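So the chains spell out like this:
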Amino acid sequence: MSGKQPRTTIGDTFQETSNLEQQVIFMYVHRIEFSFQNGQTPEKAIEFAECLLGTLLRNGQICESIRGPLYMEENHCVAIVLAPEQESLDPKFHGKYVTSQIQEGVALGIGFTSTAMAKDRGSAETCSCHSSSGYVLFTTYLSLEPPVRCLDCFLPVPLYKFPAMPSGEYGDVVRWQSDYQSCDSLQMHCTVLERATIRQMSDPRSSLSMMGRENCRMLEDLSGKPFYYYLYRDHGRSVKSEKARRCPSCGQPWCLETPLHSLFDYKCDTCRLLSNFAWNLT
Ligand SMILES: [Zn+2]
Ligand SMILES: [Zn+2]
């Protein structure tokens with residue numbers, strides 16, 4: 001089998017739902033330089049760079065994995081990364097772990113500087129709502145953006161815009177995103193673990209959903225705003241039974257009269273869950 005057709009054109013959804021009068025802010029490509037002096041070796045600078053890029057990723061300041069390009073120039077190594085915003089690498093977003101690691105680098109003779117290079121044209125802009133009414137934890141196998149979306153404009157929200165989680169960073173959310181994208185890739189390819197990964201994404205009691213819902217609970221506590229979890233729905237038996245579907249957690253009716261952001265047909269405010277009308281029936 002050659003895999004499924006992409007089930008939703010997220011770019012179109014952004015076009016439909018983004019408020020065109022809002023300021024448009026695209027994801028940004030940044031160049032980070034790690035300079036080394038005082039007898040430091042290139043190997044030590046690269047080791048430091050890989051470590052700091054991992055911390056920046058867990059702090060939500062960069063979106064790509066640390067396997068992005070990392071190369072040497074004259075007396076520094078360079079990383080090209082994707083970040084949610086032009087100002088994502090500003091020290092005000094560093095948090096305690098990034099700050100202390102940069103200080104350790106200075107003590108070792110390794111400097112850190114960054115330059116915002118260009119807008120990334122392959123990504124969505126980020127949310128610029130003044131005050132969002134709520135959020136949803138949401139990603140797909142194709143998404144490079146942060147996995148939190150504003151419930152009003154459905155655009156991504158950088159993780160560092162939320163108060164830091166008890167660990168001091170957002171590593172649990174970043175790990176959930178990585179696991180979810182792995183499941184989504186496998187189910188889209190239809191060759192390995194298709195049923196198992198669909199179950200992980202659809203069942204509110206799967207380990208993937210439990211991890212995601214715990215993140216939502218924590219972020220709701222920190223932000224004081226409702227935080228929803230999305231349950232993927234692949235197959236339904238019939239249009240009639242699908243319309244009568246109830247919340248799989250509390251058993252109450254949850255079908256919306258008007259779909260939210262052309263994607264969510266079901267919403268349970270008690271359980272903070274969202275879902276779609278089965279893809280095989282649309
Ligand atoms: Zn928004
Ligand atoms: Zn419910």
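Because the structure is predicted, anything quoted here is derived from the model rather than measured. (Residues numbered from 1 in each chain as written. Chains lettered and ligands numbered in written order. Predicted model: local features only at pLDDT ≥ 70, side-chain atom pairs only at ≥ 80, totals over all residues. Heavy atoms only, no water.)

(A) Representation of the sheet that holds strand S3 (residues 76-83). Within the open sheet, the four strands sit side by side as S2-S3-S1-S4. Their pairing is antiparallel. The outermost strands of the open sheet, each flanked by one partner alone, are strand S2 (70-73) and strand S4 (110-119). If you compare each strand with its neighbour and ignore which way they point, the axes differ by 25° on average. Set on the sheet, helix H2 (residues 42-58) makes contact with strand S1 (28-36), S2, S3 and S4; between it and S1 the angle comes to about 145°. (Pairing = 2+ DSSP bridges. Helix = DSSP H or I, 4+ residues; strand = E, 2+ residues; numbered from the N terminus. Axes fitted to C-alpha atoms, helices over the stretch in contact; angles between N-to-C directions. Contact = heavy atoms within 4.5 Å.)

(B) Molecular detail of the sheet that holds strand S7 (residues 227-231). With respect to topology, six strands assemble into an open sheet ordered S6-S5-S7-S10-S9-S8, the strand pairing being mixed. Since the sheet does not close on itself, it has two edges, and those belong to strand S6 (148-150) and strand S8 (255-260), each with one partner. If you compare each strand with its neighbour and ignore which way they point, the axes differ by 35° on average. Strand direction decides the pairing type here: S7 and strand S10 (residues 273-275), joined by three bridges, are parallel. When the sheet's bridge partners are listed, Tyr229 is paired in S10 with Leu273. Most of the contacts of helix H6 (residues 207-223) go to S7, to which it runs at about 160°, and overall it touches strand S5 (135-137), S6, S7 and S10.

(C) A look at the coordination of the zinc ion (ligand 1). Protein-derived coordination of the zinc ion (ligand 1) comes from Cys127 (SG), Cys129 (SG), Cys150 (SG) and Cys153 (SG), at a distance range of 2.3 to 2.4 Å. Around the zinc ion (ligand 1) sit four donor atoms, and with donor-metal-donor angles ranging over 105 to 113° the site reads as tetrahedral. When the donor residues of the zinc ion (ligand 1) are listed from N- to C-terminus, their spacing reads C-x1-C-x20-C-x2-C. Of this pair, Cys127 sits in the loop between S4 and S5 while Cys150 sits in strand S6, and the two are 23 residues apart along the sequence. (Donors = N, O, S within 2.8 Å, 3.2 Å for Na, K, Ca; no water. Tetrahedral: all angles 85-135°; square planar, octahedral: opposite > 155°, others 65-115°.)

Treat this as a map of the structure, not an account of what it does.
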